[in-house]
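Coordinate analysis (summary)
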Amino acid sequence: MTSPQNRPPVIERFYAHLDESIAQGLTAEQKEGVENAVLASTLASRHQIDIRRSFPFFSKRYYLVFLFGRDLRRQHRQESTLSRMLLTFLLLIAVLFVTCCVLLTLYMIKSALGIDVFQNFHVGIWDWWLSLKDR
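The protein chain appears in an unreviewed UniProt entry as 3-phosphoshikimate 1-carboxyvinyltransferase from Citrobacter arsenatis.

Written out as structure tokens, the structure is:
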């Protein structure tokens, strides 16, 4: 059992919500079992990256949580074939979008520097971009 000074915050919150008479009635062995169960169910102390932030936005508060780490659960979530296909499709779209953005950025830099890779061949994006100033 961890000493009260070295308890993870999730254990402290658990004991704060637990009735004090019940907490005092627990034996050391029971407390250790309860603490282990709480830690196993929350996995709060086992993330390699644990970012939790809240911020105000238009007079309300919102929160952002980003957790990253190894999956230590004994039973893994069952994923349907449809959800795996959707995730694969979304990931493919994201990779294609990022690739197109990178290629477009490189093309615009090349055009701004006046570099011609293929003589007498232009895609026309740079000319279109410059024509936007004239409008």
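Right, let's talk about the packing of aromatic side chains for a bit. By convention here, two paired aromatic rings are described through the distance between centres and the angle between planes. If you walk through the whole model with that rule in mind, you get five aromatic pairs. Plain terms: the ring middles of Phe-14 and Tyr-15 are 5.3 Å apart, the flat faces sit at 65° to each other, and that makes the pair edge-to-face. Looking at Phe-14, the relative accessible area reads 28%, which means it is partly exposed. Between Trp-128 and Trp-129, the aromatic rings sit 6.4 Å apart at their centres with planes inclined by 55°, giving tilted as the arrangement. Look at Trp-128 and you get partly exposed, because its relative accessible area is 46%. Following the ring pairs from residue to residue traces out a cluster consisting of Phe-55, Phe-57, Phe-58 and Tyr-62.

An ideal rise of 1.5 Å per residue puts 46 Å on 32 residues; helix α4 (residues 81-112) measures up with 46 Å between its terminal C-alpha atoms. Along α4, the positions that sit buried rather than exposed are Tyr-107, Met-108, Lys-110 and Ser-111. Buried residues in α4 make contact with α5 (125-134). Looking one or two places after α4, you find Gly-114, whose phi comes out positive at around 75°.

Let us now look at the side chain of Lys-110. Structurally, Lys-110 is set in helix α4. There is a polar contact of 3.0 Å between the side chain of Lys-110 and the backbone oxygen of Ile-115. Discounting chain neighbours no more than four positions away, the residues touching Lys-110 are Ile-115 and Val-117.

What follows concerns helix α1 (residues 9-17). Of the positions making up α1, those classed as buried are Val-10, Ile-11 and Tyr-15. For α1, the angular spread of buried residues about the axis comes to 135°, placing them on one side. Pointing more than 90 degrees away from the buried face of α1 are the exposed residues Pro-9, Ala-16 and His-17.

The positions that UniProt labels "transmembrane region" (unreviewed entry) are, in the present scheme, residues 86-109. In residues 86-109, the share of helix is 100% and the share of strand is 0%. The end C-alpha atoms are 35 Å apart.

So, how was this worked out
- Residues numbered from 1 in each chain as written.
- Predicted model: local features only at pLDDT ≥ 70, side-chain atom pairs only at ≥ 80, totals over all residues.
- Heavy atoms only, no water.
- Phe/Tyr/Trp six-rings, centres within 6.5 Å; stacked < 30°, edge-to-face > 60°.
- Buried < 20%, exposed > 50% of the residue type's maximum accessible area, 1.4 Å probe, protein only.
- Helix = DSSP H or I, 4+ residues; strand = E, 2+ residues; numbered from the N terminus.
- Expected span 1.5 Å × (residues − 1).
- Contact = heavy atoms within 4.5 Å.
- Polar contact = N/O pair within 3.5 Å; in protein donor to acceptor, adjacent residues only side chain to side chain.
- Arc of directions from axis to C-beta.
- UniProt positions renumbered as here; feature names shortened; annotations may be inferred.

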